[in-house]
Amino acid sequence: MKLIDSALKPEFTSMFDVEHIRADFPILKLQVEGKPLVYLDNAASSQMPQQVIDRLVRYQTSEHANINRGVHYLSETATAEYESARRRLQHFINAREDREVVFTSGTTDSINLVMHGYGRKYIRAGDEIILTTLEHHSNIVPWQMLAEEKGAKIRVVPISDAGELLVDEYEKLFNARTKFVGVLHVSNALGTINPVKEMIAFAHARGVPVLVDGAQAAPHMAVDVQDLDCDFYAFSGHKLCGPTGIGVLYGKAELLERMQPFKGGGDMILSVTFEKTTYNSIPHKFEAGTPPIAAAIGLGAAVDYLSAIGLDTISAYELKLLNYATEQISNLPGVRVIGTAARKTAVLSFVMEGVHPHDIGTLLNHEGVAVRTGHHCVQPVMLRLRVPATARASFAFYNTMAEVDTLISGIRTVQKVFT
Ligand code: PMP
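To keep things clear, this report deals only with the structure shown in the data block. Just so it is clear, the structure is predicted and the values come from calculations on it, not from any experiment. (Residues numbered from 1 in each chain as written. Predicted model: local features only at pLDDT ≥ 70, side-chain atom pairs only at ≥ 80, totals over all residues. Heavy atoms only, no water.)

**So, the sheet that holds strand 13 (residues 335-338)**
- The sheet built from four strands is open, its strands ordered 13-14-17-16 with antiparallel pairing. Either end of the sheet is taken by a strand with one partner, and the two such strands are strand 13 and strand 16 (372-374). Averaged over all pairs of adjacent strands, the angle between strand axes in this sheet comes to 30°, irrespective of strand direction.
- Sheet topology note: the strand 14 (residues 347-352)/strand 17 (residues 390-394) ladder contains four bridges and is antiparallel. Considered in strand 17, the bridge of Leu-348 is made with Ala-393.
- Here helix 12 (residues 357-366) sits on the sheet and contacts strand 14, strand 16 and strand 17; the angle it forms with strand 16, its principal contact strand, is near 160°. (Pairing = 2+ DSSP bridges. Helix = DSSP H or I, 4+ residues; strand = E, 2+ residues; numbered from the N terminus. Axes fitted to C-alpha atoms, helices over the stretch in contact; angles between N-to-C directions. Contact = heavy atoms within 4.5 Å.)

Here it is in structure tokens:
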């Protein structure tokens, strides 16, 4: 199979050329408040290149029908393209088999699938689930619901003031009752890159499976699920230059096979009578009803686009943006960076003396700069680092050094307004 469609290749030469890349993103030409948009909210959702938009239009204009079992041309075409998107995702994360890729509606849905499909079947009263302080609420709340239902217990890995996991403490949490680990690969609030490979090896040596929340890693670094040896890996399409409403759950085939379905309905069955229903094979067992076909195909195009640039190229460029932004912001008096881990992706969370983060966000918006403010769905992190909220600039490979300068001058303007 030809994985990277040449029509999807971004127009750039051998050198990383950010201006060529930006030309692929129509939304980046917007003006906000009369100023050029500076979009620094990529950790919440990234923007879509024309190549992905075109792929969605092609699907809707010449390929759409419901998938599976149709014998007519359009149904066969849509089914083939949907399954081809699955293989693109398989290659993107280097899964062993395409049936290890389940399409979900996003990271949250993927984690809930594991909680219902694995957790409700295998976690019992008295069992322990290890999570970390850095987790997004989507990797806390489902496990709390499970713990409450089963009488299980959640143990939490603490973090340092820099926002790094205390790995020694993680190791100390293990005992004979430990039955599951959930850990995020990259922190959405702080950018910390966690040593998940080592954490997985430690858990596996004790027979404990590990789910990795990769929502913030998949868009910014090459992910190899076989190398990580994770049991589950969850991520979202809309943070990967793809559409909303689509995500992936990677699961090792032998685990997915042992799990119970999360949702029941059409397509996830082989046969139904009122006496007995037999379930379909994986991954279809977990894809009840009509899936988001267009969004899955769009996500396939998005990972082709990112792969054509190269995830290593993206990581290296974004690191330069982060280092430059960190250096610039540290020259500003009264501004404190929250999250100073040694290994970070391009997330810059900060607070300013005497200014609430929401005011920072509102004033930056007047300069055309989009940042996110609040607790970023990680209230335990805010509590631990003793800040009510932060302002967060999160970069993508289509951001520029000049945009960092606009952010910094915007912060200076905020300071002037508040002094
Ligand atoms: N985990 C992390 C680390 C995230 O950053 C996010 C999105 N902010 C999620 C999970 C949830 O993703 P979604 O809303 O796409 O399900």
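This is not the end of the story, as more comes after the structure.
**A look at the nonpolar core**
- Ranked by internal contacts, the top residues of the largest apolar core, which has 109 residues, are Tyr-233, Phe-395 and Phe-397.
- Sort the elements by how many residues they give to this core and helix 10 (residues 293-309) lands first, with 12 residues.
- In terms of domain composition, this core takes at least three residues from each of domain 1 (6-48 + 310-417) and domain 2 (55-307).
- When sequence neighbours within four positions are dropped, the list of residues in contact with Tyr-233 reads His-185, Val-212, Gly-214, Ala-217, Ala-218, Val-223, Val-225, Leu-228, Val-248, Leu-249 and Tyr-250.
- Counting residues in each nonpolar core, the second largest holds 24 residues, with Val-114, Leu-249, Leu-255 and Leu-256 among its members. (Core = buried A, V, L, I, M, F, W, Y, C linked by side-chain atoms within 4.5 Å. Buried < 20%, exposed > 50% of the residue type's maximum accessible area, 1.4 Å probe, protein only. Domains from an automatic or database assignment.)

**Structural notes on the site of the ligand**
- Inspection of the region around the ligand gives Thr-107, Thr-108, His-136, Ser-138, Leu-184, Asn-188, Asp-213, Ala-215, Gln-216, Ser-236, His-238 and Lys-239 as its neighbouring residues.
- Taking Gln-216, its side chain carries an N or O atom lying 2.7 Å from an oxygen atom of the ligand.
- His-238 is positioned such that a nitrogen or oxygen atom in its side chain is 2.7 Å from an oxygen atom of the ligand.
- Summarising the interface, the protein chains cover 84% of the accessible area of the ligand, which totals 400 Å² for the free molecule.
- Its residues placed into classes, the shell around the ligand shows two nonpolar, eight polar and two charged. (Near = heavy atom within 4 Å. Polar contact = N/O pair within 3.5 Å; in protein donor to acceptor, adjacent residues only side chain to side chain. Areas by Shrake-Rupley, 256 points an atom, 1.4 Å probe, with all protein chains shown as cover. Nonpolar A, V, L, I, M, F, W, Y, C, P; charged D, E, K, R; others polar.)

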